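Chain and residue survey
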Amino acid sequence: LTESLLSIVAMSLTRGLFEPKSCTYTYLLADVKSKEAIVIDPVLEMAKRDAALVRELGLSLLYAANTHCHADHITGTGLLKKLLPGCRSVISRDSGASADVLIQEGHSLKFGAFALETRSSPGHTDGCLTYVLNDKTMAFTGDALLIRGCGRTDFQQGSPETLYRSVHQKIFTLPGDCLIYPAHDYTGQTVSTVEEERTLNPRLTLSMEAFVRVMNNLDLPKPQQIGETGDYGGWVTFLGRRGGACHGALMGWVRS
(Lines give C-alpha, C1' and ligand atoms only; values in the text may rest on other atoms or scores of the structure.)
Protein backbone atom coordinates (compact mmCIF):
# COMPACT_ATOMS: atom_id res chain seq x y z
CA LEU A 1 0.00 0.00 0.00
CA THR A 2 1.15 3.54 -0.68
CA GLU A 3 1.93 5.85 2.24
CA SER A 4 -1.15 7.94 1.38
CA LEU A 5 -3.43 4.90 1.35
CA LEU A 6 -1.98 3.58 4.62
CA SER A 7 -2.74 6.95 6.22
CA ILE A 8 -6.33 6.84 5.00
CA VAL A 9 -6.79 3.26 6.24
CA ALA A 10 -5.52 4.24 9.69
CA MET A 11 -7.83 7.26 9.97
CA SER A 12 -10.96 6.15 8.14
CA LEU A 13 -13.54 3.41 8.32
CA THR A 14 -15.12 1.96 5.19
CA ARG A 15 -17.80 -0.73 5.16
CA GLY A 16 -19.32 -2.28 2.05
CA LEU A 17 -22.85 -3.55 2.78
CA PHE A 18 -24.84 -5.77 0.38
CA GLU A 19 -28.50 -6.10 -0.57
CA PRO A 20 -29.00 -9.39 -2.45
CA LYS A 21 -32.27 -8.80 -4.33
CA SER A 22 -30.87 -5.97 -6.49
CA CYS A 23 -27.19 -6.83 -5.87
CA THR A 24 -26.70 -3.31 -4.52
CA TYR A 25 -23.72 -2.14 -2.49
CA THR A 26 -24.23 0.45 0.22
CA TYR A 27 -21.08 2.11 1.56
CA LEU A 28 -20.55 3.49 5.04
CA LEU A 29 -17.59 5.88 5.39
CA ALA A 30 -16.44 7.45 8.64
CA ASP A 31 -13.68 9.48 10.20
CA VAL A 32 -12.41 7.36 13.10
CA LYS A 33 -11.42 10.36 15.21
CA SER A 34 -14.48 12.59 14.86
CA LYS A 35 -16.96 9.69 14.34
CA GLU A 36 -18.65 11.66 11.55
CA ALA A 37 -19.98 9.43 8.78
CA ILE A 38 -21.63 9.28 5.36
CA VAL A 39 -23.63 6.44 3.81
CA ILE A 40 -23.83 6.06 0.02
CA ASP A 41 -26.75 4.40 -1.80
CA PRO A 42 -28.79 2.97 1.08
CA VAL A 43 -31.56 0.47 0.23
CA LEU A 44 -34.96 0.73 1.94
CA GLU A 45 -35.13 -2.92 3.07
CA MET A 46 -31.67 -2.66 4.68
CA ALA A 47 -31.99 0.78 6.30
CA LYS A 48 -32.58 -0.67 9.78
CA ARG A 49 -29.43 -2.79 9.40
CA ASP A 50 -27.46 0.27 8.34
CA ALA A 51 -28.79 2.38 11.21
CA ALA A 52 -27.97 -0.37 13.71
CA LEU A 53 -24.37 -0.52 12.45
CA VAL A 54 -24.02 3.27 12.70
CA ARG A 55 -25.22 3.15 16.32
CA GLU A 56 -23.08 0.11 17.17
CA LEU A 57 -19.95 1.89 15.93
CA GLY A 58 -20.85 5.08 17.80
CA LEU A 59 -20.97 7.14 14.61
CA SER A 60 -22.82 10.34 13.78
CA LEU A 61 -24.36 9.98 10.32
CA LEU A 62 -24.23 13.38 8.62
CA TYR A 63 -25.41 12.43 5.14
CA ALA A 64 -27.28 9.70 3.28
CA ALA A 65 -26.16 10.29 -0.30
CA ASN A 66 -27.41 8.74 -3.53
CA THR A 67 -25.27 8.39 -6.64
CA HIS A 68 -28.50 8.70 -8.68
CA CYS A 69 -32.22 7.85 -8.67
CA HIS A 70 -32.34 4.06 -8.75
CA ALA A 71 -34.78 1.99 -10.83
CA ASP A 72 -33.88 -1.44 -9.43
CA HIS A 73 -34.45 -0.71 -5.75
CA ILE A 74 -36.06 1.83 -3.44
CA THR A 75 -33.70 4.17 -1.62
CA GLY A 76 -33.40 3.93 2.17
CA THR A 77 -32.59 7.63 2.52
CA GLY A 78 -35.96 8.69 3.90
CA LEU A 79 -36.10 5.91 6.51
CA LEU A 80 -32.52 6.55 7.63
CA LYS A 81 -33.42 10.19 8.29
CA LYS A 82 -36.18 9.01 10.61
CA LEU A 83 -34.03 6.41 12.33
CA LEU A 84 -31.01 8.70 12.74
CA PRO A 85 -32.17 12.29 13.37
CA GLY A 86 -29.70 14.84 12.06
CA CYS A 87 -28.90 12.85 8.93
CA ARG A 88 -29.44 14.85 5.73
CA SER A 89 -30.39 13.42 2.34
CA VAL A 90 -28.24 14.18 -0.71
CA ILE A 91 -28.78 13.77 -4.45
CA SER A 92 -27.80 15.48 -7.68
CA ARG A 93 -29.64 18.65 -8.59
CA ASP A 94 -29.85 17.24 -12.13
CA SER A 95 -31.76 14.14 -10.98
CA GLY A 96 -35.09 15.96 -10.70
CA ALA A 97 -35.54 14.54 -7.19
CA SER A 98 -35.78 16.57 -3.99
CA ALA A 99 -33.44 16.22 -1.01
CA ASP A 100 -32.05 18.24 1.89
CA VAL A 101 -28.86 18.86 -0.08
CA LEU A 102 -28.85 19.14 -3.87
CA ILE A 103 -25.34 18.96 -5.29
CA GLN A 104 -23.52 19.31 -8.58
CA GLU A 105 -20.06 18.90 -10.05
CA GLY A 106 -17.41 20.25 -7.68
CA HIS A 107 -19.42 20.14 -4.46
CA SER A 108 -17.90 18.41 -1.42
CA LEU A 109 -19.47 16.49 1.46
CA LYS A 110 -17.22 16.79 4.50
CA PHE A 111 -17.04 14.27 7.33
CA GLY A 112 -14.33 14.82 9.91
CA ALA A 113 -10.95 15.26 8.22
CA PHE A 114 -12.27 13.78 4.96
CA ALA A 115 -14.49 14.89 2.11
CA LEU A 116 -16.22 13.30 -0.83
CA GLU A 117 -15.75 15.38 -3.96
CA THR A 118 -18.53 15.25 -6.52
CA ARG A 119 -18.01 14.50 -10.21
CA SER A 120 -20.97 14.59 -12.57
CA SER A 121 -21.04 11.33 -14.56
CA PRO A 122 -24.31 11.24 -16.56
CA GLY A 123 -25.21 8.74 -19.23
CA HIS A 124 -26.97 6.06 -17.19
CA THR A 125 -29.21 8.87 -15.90
CA ASP A 126 -28.94 12.66 -16.17
CA GLY A 127 -28.28 12.92 -12.45
CA CYS A 128 -25.52 10.35 -11.97
CA LEU A 129 -22.69 11.35 -9.64
CA THR A 130 -19.34 9.79 -8.80
CA TYR A 131 -18.10 10.51 -5.28
CA VAL A 132 -14.30 10.69 -4.97
CA LEU A 133 -12.47 10.70 -1.63
CA ASN A 134 -10.53 13.94 -1.38
CA ASP A 135 -7.10 12.26 -1.70
CA LYS A 136 -8.34 10.34 -4.76
CA THR A 137 -7.73 6.88 -3.28
CA MET A 138 -11.38 5.79 -3.62
CA ALA A 139 -14.20 6.50 -6.07
CA PHE A 140 -17.84 5.48 -5.62
CA THR A 141 -19.09 5.28 -9.18
CA GLY A 142 -22.75 4.31 -8.82
CA ASP A 143 -24.04 2.72 -12.02
CA ALA A 144 -21.80 4.74 -14.36
CA LEU A 145 -18.87 2.34 -14.02
CA LEU A 146 -19.24 -1.23 -12.78
CA ILE A 147 -16.54 -3.87 -12.41
CA ARG A 148 -15.90 -4.97 -16.01
CA GLY A 149 -19.14 -3.31 -17.07
CA CYS A 150 -21.30 -0.20 -16.87
CA GLY A 151 -24.89 0.87 -16.29
CA ARG A 152 -27.52 0.48 -18.99
CA THR A 153 -28.42 3.42 -21.22
CA ASP A 154 -31.69 2.35 -22.84
CA PHE A 155 -34.13 4.36 -20.66
CA GLN A 156 -34.17 6.98 -17.82
CA GLN A 157 -32.49 9.65 -20.02
CA GLY A 158 -29.79 7.14 -20.89
CA SER A 159 -27.22 8.02 -23.54
CA PRO A 160 -24.33 5.71 -24.45
CA GLU A 161 -22.35 8.59 -25.94
CA THR A 162 -22.73 10.63 -22.76
CA LEU A 163 -21.85 7.67 -20.54
CA TYR A 164 -18.72 6.90 -22.55
CA ARG A 165 -17.53 10.50 -22.23
CA SER A 166 -18.37 10.60 -18.51
CA VAL A 167 -16.36 7.50 -17.67
CA HIS A 168 -13.37 8.43 -19.81
CA GLN A 169 -13.26 12.08 -18.74
CA LYS A 170 -14.38 11.93 -15.10
CA ILE A 171 -13.33 8.48 -13.83
CA PHE A 172 -10.52 7.16 -16.03
CA THR A 173 -8.62 10.41 -15.41
CA LEU A 174 -8.22 9.49 -11.72
CA PRO A 175 -4.95 7.85 -10.56
CA GLY A 176 -4.59 4.26 -11.72
CA ASP A 177 -4.48 2.87 -8.18
CA CYS A 178 -7.69 4.67 -7.15
CA LEU A 179 -10.10 2.01 -5.88
CA ILE A 180 -13.41 1.69 -7.71
CA TYR A 181 -16.49 0.87 -5.64
CA PRO A 182 -19.61 0.41 -7.83
CA ALA A 183 -23.27 0.48 -6.81
CA HIS A 184 -23.82 -3.08 -8.05
CA ASP A 185 -22.04 -6.29 -8.88
CA TYR A 186 -23.65 -9.47 -10.18
CA THR A 187 -20.64 -11.81 -10.06
CA GLY A 188 -19.49 -11.47 -6.45
CA GLN A 189 -16.70 -8.94 -6.99
CA THR A 190 -16.41 -6.05 -4.56
CA VAL A 191 -13.72 -3.64 -5.76
CA SER A 192 -11.59 -2.77 -8.77
CA THR A 193 -9.15 -0.01 -9.70
CA VAL A 194 -9.13 2.73 -12.30
CA GLU A 195 -6.22 1.07 -14.10
CA GLU A 196 -7.98 -2.31 -14.23
CA GLU A 197 -11.10 -0.81 -15.73
CA ARG A 198 -9.16 1.41 -18.14
CA THR A 199 -7.40 -1.64 -19.56
CA LEU A 200 -9.74 -4.59 -18.93
CA ASN A 201 -13.33 -3.32 -19.04
CA PRO A 202 -14.74 -5.12 -22.12
CA ARG A 203 -17.16 -2.31 -22.99
CA LEU A 204 -15.23 0.83 -22.10
CA THR A 205 -11.99 -0.20 -23.82
CA LEU A 206 -13.92 -0.09 -27.11
CA SER A 207 -14.06 2.95 -29.35
CA MET A 208 -17.05 5.20 -28.71
CA GLU A 209 -18.70 3.99 -31.92
CA ALA A 210 -18.34 0.32 -30.95
CA PHE A 211 -19.50 1.06 -27.39
CA VAL A 212 -22.65 2.75 -28.68
CA ARG A 213 -23.45 -0.25 -30.90
CA VAL A 214 -23.07 -2.64 -27.95
CA MET A 215 -25.19 -0.53 -25.60
CA ASN A 216 -27.94 -0.02 -28.18
CA ASN A 217 -28.30 -3.78 -28.69
CA LEU A 218 -28.34 -5.18 -25.12
CA ASP A 219 -32.11 -5.88 -25.17
CA LEU A 220 -32.39 -5.94 -21.36
CA PRO A 221 -35.64 -6.45 -19.40
CA LYS A 222 -36.80 -3.50 -17.32
CA PRO A 223 -35.70 -3.40 -13.63
CA GLN A 224 -37.97 -5.31 -11.28
CA GLN A 225 -38.89 -2.41 -9.00
CA ILE A 226 -39.42 0.33 -11.57
CA GLY A 227 -42.91 1.68 -10.91
CA GLU A 228 -42.50 1.58 -7.13
CA THR A 229 -41.93 4.61 -4.91
CA GLY A 230 -38.72 5.96 -3.44
CA ASP A 231 -38.33 8.54 -0.66
CA TYR A 232 -35.26 10.66 -1.41
CA GLY A 233 -35.71 12.76 1.72
CA GLY A 234 -38.93 14.71 2.02
CA TRP A 235 -40.62 13.69 -1.24
CA VAL A 236 -41.88 10.43 -2.65
CA THR A 237 -40.78 9.73 -6.21
CA PHE A 238 -43.04 7.65 -8.44
CA LEU A 239 -40.90 5.66 -10.85
CA GLY A 240 -42.47 4.47 -14.07
CA ARG A 241 -41.44 3.57 -17.58
CA ARG A 242 -41.81 6.84 -19.48
CA GLY A 243 -41.24 10.58 -19.18
CA GLY A 244 -40.06 12.79 -16.34
CA ALA A 245 -36.69 13.39 -14.81
CA CYS A 246 -36.00 10.61 -12.34
CA HIS A 247 -35.11 7.28 -14.00
CA GLY A 248 -37.22 8.30 -16.95
CA ALA A 249 -40.38 8.73 -14.96
CA LEU A 250 -41.32 11.31 -12.39
CA MET A 251 -45.03 10.86 -12.77
CA GLY A 252 -45.82 12.93 -9.71
CA TRP A 253 -44.56 14.27 -6.37
CA VAL A 254 -46.15 13.56 -3.00
CA ARG A 255 -44.75 14.99 0.20
CA SER A 256 -43.96 12.21 2.68
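These remarks concern the structure in this document. Since the model is a prediction, treat every value here as computed from it, not as a measurement.

Here the focus is helix H4 (residues 160-171). Across its 12 residues, H4 extends 16 Å between first and last C-alpha, which sits within 8% of the 16 Å expected from 1.5 Å per residue. Considered for burial, the residues of H4 that qualify are Pro160, Leu163, Tyr164, Ser166, Val167 and Ile171. Looking down the long axis of H4, one finds its buried residues gathered within 160 degrees of arc, a one-sided arrangement.

With that settled, the discussion passes to the sheet that holds strand E10 (residues 138-142). Through backbone hydrogen bonds, the strands of a sheet pair up, either in parallel or in antiparallel fashion. The strand order E7-E8-E9-E10-E13-E14 describes an open sheet built from 6 strands, whose pairing is mixed. Pairing within the sheet leaves two strands with one partner each, and these edge strands are strand E7 (108-111) and strand E14 (192-193). Bridge analysis of strand E13 (residues 179-182) against E14 gives 2 bridges, and the strand direction is antiparallel. Opposite Leu179, over in E14, you have Thr193 as the bridge partner.

Moving on: unusual backbone geometry. Positive phi, close to 70 degrees, is recorded for Lys35, a residue that is not glycine. For Lys35, the location among the structural elements is in the loop between strand E2 (24-31) and strand E3 (36-40). Residue classification places Lys35 among the partly exposed positions, given a relative accessible area of 35%. The phi dihedral of Asp219 falls on the positive side, at around 55 degrees, and the residue is not glycine. With respect to the helices and strands, Asp219 occurs in the loop between helix H6 (208-215) and strand E15 (229-231). Classification of Asp219 as exposed rests on a relative accessible area of 75%.

Looking now at the packing of H4 against H6. Running from amino to carboxyl end, H4 crosses H6 at an angle of 130 degrees, the nearest separation of the two axes being 9 Å. Classified by the interaxial angle, the pair formed by H4 and H6 is oblique. Two packed elements cross with a definite hand, and for H4 against H6 that hand is right-handed. On H6, the residues that touch Pro160, Glu161, Leu163, Tyr164 and Arg165 of H4 are Met208, Phe211, Val212 and Met215. Tallied by class, the residues present in the contact of H4 with H6 amount to 7 nonpolar, no polar and 2 charged.

Let us look at the pairing of E13. Here E13 shows a buried face lined by Leu179 and Tyr181 and a second buried face lined by Ile180 and Pro182. Bridging between E10 and E13 involves 4 bridges; their strand directions are parallel. By the bridge assignment, Gly142 is partnered in E13 with Pro182.

Our focus in this paragraph is the packing of aromatic side chains. Counted by the stated rule, this structure contains 7 aromatic pairs. Measuring from ring centre to ring centre gives 5.2 Å for Phe140 and Tyr181, while their planes differ by 15 degrees; the resulting arrangement is stacked. Highlighted residues: Phe140 in strand E10 and Tyr181 in strand E13, separated in sequence by 41 residues. Judged by its relative accessible area of 1%, Phe140 is buried. Given a relative accessible area of 15%, Tyr181 falls into the buried group. The structure contains a cluster of three or more aromatic residues connected by ring pairs, namely Phe18, Tyr25, Tyr27, Phe140 and Tyr181.

Here Thr26 is to be found in strand E2. Classification of Thr26 as buried rests on a relative accessible area of 1%. A distance of 2.6 Å separates a polar side-chain atom of Thr26 from the backbone oxygen of Asp41. Residues within four places of Thr26 in sequence aside, it is in contact with Arg15, Gly16, Leu17, Val39, Ile40, Asp41, Pro42, Val43, Arg49 and Asp50.

Each value, and the rule that gives it
- All residue numbers refer to positions counted from 1 along the written sequence of the respective chain.
- Local features are withheld for residues below a pLDDT of 70 in this predicted model, meaning they are given only at 70 or higher, and side-chain atom pairs are given and counted only at 80 or more; totals for whole chains, interfaces and linings count all residues.
- Just so you know, side-chain values use all the structure's heavy atoms and leave hydrogens and water out.
- Counting from the N terminus, the helices are the DSSP runs of H or I reaching at least four residues and the strands are the DSSP runs of E reaching at least two.
- To estimate how far a helix should extend, the number of its residues minus one is multiplied by 1.5 Å.
- The cut-offs for exposure are 20% and 50% of the maximum accessible area for each residue type, with area from a 1.4 Å probe on protein chains only; residues under the lower value are buried, those over the upper are exposed, and the others partly exposed.
- This arc describes the spread of directions from the helix axis toward the C-beta atoms.
- Between any two strands, pairing holds if DSSP finds at least two bridges.
- Here an angle of 0 to 180 degrees is reported between the N-to-C directions of two axes, which are lines fitted to C-alpha atoms, with helices fitted over the stretch in contact.
- Here the word oblique covers every angle except those under 35 degrees (roughly parallel), over 145 (roughly antiparallel) and from 65 to 115 (roughly perpendicular).
- Definitions for this section: a left-handed crossing has its near helix turned counterclockwise from the far helix by less than a right angle. A right-handed crossing has that turn clockwise.
- Contacts are assigned to residue pairs that have any heavy atoms within 4.5 Å of one another.
- Amino acid classes used here: Ala, Val, Leu, Ile, Met, Phe, Trp, Tyr, Cys and Pro are nonpolar; Asp, Glu, Lys and Arg are charged; the rest, including Gly, are polar.
- Aromatic contacts are taken between Phe, Tyr and Trp rings whose centres are within 6.5 Å, Trp giving its six-membered ring; a plane angle under 30 degrees counts as stacked, one over 60 as edge-to-face, and the others as tilted.
- Between N or O atoms, a polar contact is any pair within 3.5 Å; within protein, one atom must be a potential hydrogen donor and the other a potential acceptor, and residues adjacent in sequence are included only when both atoms are from side chains.

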